[in-house]
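Listed below are the residues making up each chain.
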Amino acid sequence: MPFWHVLGAGSLGSLWATRLARAGVPVRLILRDSARLKAYAAKGGLTLSEQGQRQTFDITAQTLDDPQPIQRLLVACKAYDAQSAVASVASRLTPGADVLLLQNGLGSQEAVAASLPDLFPPPRCIFVSSTEGAFRDDDFSVVFAGQGANWLGEAHQGLAPVWLDELVAADIPHQWGPDILERLWRKLALNCAINPLTVLHGCRNGELQKRAAEVTALCDELVAVLECCGQPKAAVGLHQQVDQVIRATAANYSSMHQDVAQGRRTEISYLLGYLCAAAARHGCQAPLLDQLRERLIDHLKAQGLPSD
Ligand code: NAD
Ligand code: KPL
């Protein structure tokens, strides 16, 4: 059975790695350098907390420059780190390797795909849109915070990979389908409708219910932009879903709000940034989204955070 190499031992990477290891699937963690390897060894493994139960898995870790060839790579870095992280292990990819990209938003997947090595058969890029939720409560320790789904697919429709059986064994919910780009666009639009407003208003998702006019105007423009960018299916029923997500996650802070509150870089360039650039490329008017992006950039700069 080929190894799953998990690149990025953060929240989502750890969630995948521990569930795969729990099912007896061979996993290797790829860490940045020997200092991280040492820190990991001191912890004695990767810990998963799920429904109040904590379990530590002694998953073997290695550094980026380990010589072991990679047949199956799960890229679990943030969107802004994905391309350079994959470049660091590109020489280890075998012909026909599968490269799974867990990044939120759009733009990083294309960047990674374009920079993969020229092999025959070429590496296969698989995009994942995840609605599962996880966060780190300590170094190398992850809390499974929200059940969700993982949609997988290729930009150009491909056959379902044989390793989906391993996801079944690992209890990782997933669905392989031809509509992955539509799903990524849809999630991007949802995130653009909710996350920036929660940052700018400093509020939980639910408080946007009091700002219905602002959300409605944004959703109307998002629908127009999706249609103009050739993604009409991702636009169907968007406003209703945005309202439904706001209600269902009313007590939560959006991921972007959490990033800003914790002084972390956001994925703005792969969310609003990508959308505004796509709108401009297609010649669509997006005044509200452009203005929202500018306000968000000003806000991030004022907080001393990167605005890209
Ligand atoms: P994270 O910051 O918790 O983890 C990323 C990890 O990648 C970090 O440990 C970081 O050190 C590591 N990393 C970065 N560059 C590296 C490199 N060159 N070599 C080795 N390691 C490197 O991020 P996350 O929350 O797991 O998010 C990953 C992606 O998944 C993001 O795009 C996010 O939007 C998306 N996502 C996350 C969740 C969630 O609940 N956490 C849910 C859905 C989607
Ligand atoms: O995905 C989200 C996030 O916070 O990033 C939701 C809950 C959909 C809000 O946009």
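In this report, the structure presented in the accompanying data block is examined. (Residues numbered from 1 in each chain as written. Chains lettered and ligands numbered in written order. Predicted model: local features only at pLDDT ≥ 70, side-chain atom pairs only at ≥ 80, totals over all residues. Heavy atoms only, no water.)

1. Examining the environment of proline 121
Summarising the element assignment, proline 121 is placed in the loop between α4 (108-114) and β8 (124-130). Proline 121 sits in the partly exposed class, given a relative accessible area of 43%. Placed 26 residues apart in sequence, proline 121 and proline 95 show a C-alpha to C-alpha distance of 5.2 Å. Ignoring anything within four residues of it in the chain, the contact list for proline 121 reads Pro95 and Gly96. (Helix = DSSP H or I, 4+ residues; strand = E, 2+ residues; numbered from the N terminus. Buried < 20%, exposed > 50% of the residue type's maximum accessible area, 1.4 Å probe, protein only. Contact = heavy atoms within 4.5 Å.)

2. Here we look at the site of ligand 2
The local shell around ligand 2 consists of Lys187, Asn191, Ile194, Asn195, Val245, Ser254 and Ser255. One of the side-chain nitrogen or oxygen atoms of asparagine 191 is found 3.0 Å away from an oxygen atom of ligand 2. In the complex, the protein chains occlude 80% of the 280 Å² of accessible area that ligand 2 would expose alone. Considering each element in turn, the shell around ligand 2 owes the most residues, four residues, to helix α6 (residues 180-201). Tallied by class, residues from the shell around ligand 2 come to two nonpolar, four polar and one charged. (Near = heavy atom within 4 Å. Polar contact = N/O pair within 3.5 Å; in protein donor to acceptor, adjacent residues only side chain to side chain. Areas by Shrake-Rupley, 256 points an atom, 1.4 Å probe, with all protein chains shown as cover. Nonpolar A, V, L, I, M, F, W, Y, C, P; charged D, E, K, R; others polar.)

3. Some words on the pattern of salt bridges
Oppositely charged side chains can pair when the atoms bearing their charge come close. Taken as a whole and assessed by the stated rule, the structure comprises twelve salt bridges. Put simply, arginine 124 and glutamate 154 hold a salt bridge, and the shortest N to O gap is 3.1 Å. Separated by 30 residues along the polypeptide, arginine 124 in strand β8 and glutamate 154 in the loop between β11 (150-153) and α5 (164-169) bring together distant segments of the chain. Exposure class is identical for arginine 124 and glutamate 154. Each is buried. The salt bridge involving arginine 183 is made with aspartate 179; its shortest N-O contact spans 3.5 Å. (Salt bridge = Lys/Arg side-chain N within 4 Å of Asp/Glu carboxyl O.)

By themselves, these observations are geometric and do not establish any function.
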